[in-house]
Amino acid sequence: DLQRVYIAGALGRHVHKEALEALGFFPSGSANRLEAVGNAALAGAALLLRDEKAREALNHRATGMRSLDLAQDKEFRESFPLHMRFAW
């Protein structure tokens, strides 16, 4: 159902989208929906410092968010490596 997936930081900047797909990070056929966005944390912090409406919108959205710690999820830790495909 995802139309676009934004990949921030070094992963998005230095890894080819097709490689992420081939390795199983994303489903087959999804490379065209992946987009590298660079240092999104820095850009977001700068935006929030200068734009009061952006801060208000973030506060509004944050009320319905929850954190999902995949490192603590036993099923994810066991399942993720099994689904990676090393193509090289």
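I will try to describe carefully the structure that is included in this document. Residues take numbers from 1 onward in each chain, read along the sequence in its written order. Local features in this predicted model are restricted to residues of pLDDT 70 or higher, and side-chain atom pairs are both shown and tallied only at a pLDDT of 80 or more, whereas totals for entire chains, interfaces and linings draw on every residue. Computation of side-chain values: all heavy atoms of the structure, hydrogens and water removed.

### Describing the overall build of the chain
Rule in force here: Elements are defined by DSSP. Helices are runs of H or I of four residues or more, strands are runs of E of two residues or more, and each kind is numbered from the N terminus. Atoms considered for the radius of gyration are the C-alpha atoms alone. The globule rule reads 2.2 Å times the number of residues to the power 0.38. Using a 1.4 Å probe on the protein chains alone, a residue whose accessible area is under 20% of its type maximum counts as buried, one over 50% counts as exposed, and one in between counts as partly exposed. Any pair of residues with heavy atoms lying within 4.5 Å of one another is described as a contacting pair. A 1.4 Å probe and the Shrake-Rupley method give the accessible areas. Residues count as covered only by the protein chains that appear here. Positive charges come from Lys and Arg, negative ones from Asp and Glu, while His and the chain ends are left out of the count. Positions of charges follow a simple convention, taking NZ of Lys, CZ of Arg, CG of Asp or CD of Glu.
On a plain count of helices and strands, the chain comes out with five helices and two strands. Along the chain, from the amino end to the carboxyl end, the secondary structure elements read β-α-α-β-α-α-α. Its C-alpha atoms give the chain a radius of gyration of 16 Å, clearly above 12 Å, the size a compact globule of 88 residues would have. Expressed along its principal axes, the backbone C-alpha trace of the chain runs to roughly 45 × 30 × 25 Å. Counting only residues that meet the buried cut, the chain has 16% of its 88 residues in that class. A separation of at least 24 residues holds for 61% of the contacts in the chain among residues at least 6 apart in sequence. Element-wise, carbon and sulfur atoms account for 56% of the exposed surface of the chain, whose accessible area totals about 7400 Å². Put simply, the chain has 12 plus and 11 minus side-chain charges, and the middle of one group is 4 Å from the middle of the other.

### Some thoughts on the packing of aromatic side chains
Threshold: The criterion for an aromatic pair is that two Phe, Tyr or Trp rings (for Trp, the six-membered ring) have centres within 6.5 Å, with stacked assigned to planes under 30 degrees apart, edge-to-face to planes over 60 apart and tilted to the rest.
One pass over the full model with this rule turns up two aromatic pairs. Seen in terms of ring centroids, Phe25 and Phe80 are 6.0 Å apart; in terms of plane orientation they differ by 75°. Their pairing is edge-to-face. Separated by 55 residues along the polypeptide, Phe25 in the loop between α2 (17-22) and β2 (34-38) and Phe80 in helix α5 (residues 74-82) bring together distant segments of the chain. Looking at Phe25, the relative accessible area reads 36%, which means it is partly exposed.

None of the figures reported here should be taken as evidence of function without further support.
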